[in-house]
Amino acid sequence: DEAGKLVRRIGMVREPVAVAKEDVDERTEGMAPETLKSLKVPGHYPAFRYILSDDAGRIYVLCWERPPGRKGYYVDIFDPEGRYIARAAVPDKQPLILGDRLYAAEEDAEGNPLLKRYKIVWKL
């Protein structure tokens, strides 16, 4: 909570995800060669990338795994009590969820930045 007290703990057993060469290449593009020589890349990613929640109390844990074609990221979704609901692909590494909408930064075919809005529909 805002006072720093633990409110809920979510646990999920997951196999470690190896750092992909494509991700290293993407993040180091344009770096100076001397910087690349001293760069230390870990063997595996941290347990999760990012956590957010919506106004209904659902918890979204953005993962490091990527969908086929490396378009976007996977997110594990939990109910307000911390029970696993589903896994979904999201188009951005740090989306914003407000109400029943997901906002994501994307690029069009020419590489121009776009802000897209998606409607979230729950079928449970």
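Residues numbered from 1 in each chain as written. Predicted model: local features only at pLDDT ≥ 70, side-chain atom pairs only at ≥ 80, totals over all residues. Heavy atoms only, no water.

*Asks:* Even after reading the chapter, I still don't get the pattern of salt bridges, so can you show me in this structure?
*Replies:* Evaluation of the coordinates by the stated rule reveals 12 salt bridges. Measuring nitrogen to oxygen at the nearest pair gives 2.7 Å for the salt bridge that ties Lys 21 to Asp 25. Note that Lys 21 and Asp 25 are positioned in helix H1 (residues 21-28) at a spacing of four residues, about one turn of the helix. Relative accessible area serves as the criterion here: at 58%, Lys 21 is assigned to the exposed category. Of the charged contacts in the structure, one is a salt bridge between Glu 65 and Arg 87, with a shortest N-O distance of 3.5 Å. Of this pair, Glu 65 sits in the loop between strand S2 (59-62) and strand S3 (73-78) while Arg 87 sits in strand S4 (residues 84-90), placing them 22 residues apart in sequence. For Arg 87, a relative accessible area of 33% gives the class partly exposed. Within the structure, one salt-bridge network assembled from shared partners comprises Arg 14, Glu 65, Asp 76 and Arg 87. (Salt bridge = Lys/Arg side-chain N within 4 Å of Asp/Glu carboxyl O. Helix = DSSP H or I, 4+ residues; strand = E, 2+ residues; numbered from the N terminus. Buried < 20%, exposed > 50% of the residue type's maximum accessible area, 1.4 Å probe, protein only.)

*Asks:* Just to check I follow, could you spell out the sheet that holds S3 for this structure?
*Replies:* Each strand in a sheet pairs with another by means of backbone hydrogen bonds, the pair being arranged parallel or else antiparallel. One open sheet holds the four strands; their spatial order is S1-S2-S3-S4, and the pairing between them is antiparallel. Either end of the sheet is taken by a strand with one partner, and the two such strands are strand S1 (50-53) and S4. Adjacent strand axes in the sheet meet at a mean angle of 25° when their direction is disregarded. Looking at chain direction, S1 and S2 are connected through four bridges and run antiparallel. If you follow Leu 52 over to S2, its bridge partner there is Tyr 60. (Pairing = 2+ DSSP bridges. Axes fitted to C-alpha atoms, helices over the stretch in contact; angles between N-to-C directions.)

*Asks:* How should the packing of aromatic side chains be read in this particular structure?
*Replies:* The way to describe two aromatic rings as a pair is by their centre distance and the angle between their planes. The full count for this structure, using the stated rule, is two aromatic pairs. Plain terms: the ring middles of Tyr 45 and Trp 64 are 4.5 Å apart, the flat faces sit at 5° to each other, and that makes the pair stacked. With Tyr 45 in the loop between helix H2 (33-38) and S1 and Trp 64 in the loop between S2 and S3, this residue pair connects regions lying 19 residues apart in the sequence. On the numbers, 5.8 Å between centres and 75° between planes, the contact of Phe 78 with Tyr 84 is edge-to-face. Look at Tyr 84 and you get partly exposed, because its relative accessible area is 43%. The ring of Trp 64 has Arg 49 sitting right over it, with the charged end atom 4.1 Å from the ring centre. (Phe/Tyr/Trp six-rings, centres within 6.5 Å; stacked < 30°, edge-to-face > 60°. Lys NZ or Arg CZ within 6 Å of the ring centre and 35° of its normal.)

*Asks:* Would you take a moment to explain the pairing of S3 for this structure?
*Replies:* Here is the key point about a regular strand: its side chains alternate between the two faces of the sheet. Of all six residues making up S3, five are buried, and the element is well covered by its neighbours. As paired strands, S2 and S3 are joined by four bridges and run antiparallel to one another. Bridge pairing in S3 places Val 61 opposite Asp 76. The sheet contact formed by S3 and S4 spans six bridges and is antiparallel. The residue bridging Val 75 from the neighbouring strand is Ala 88, located in S4.

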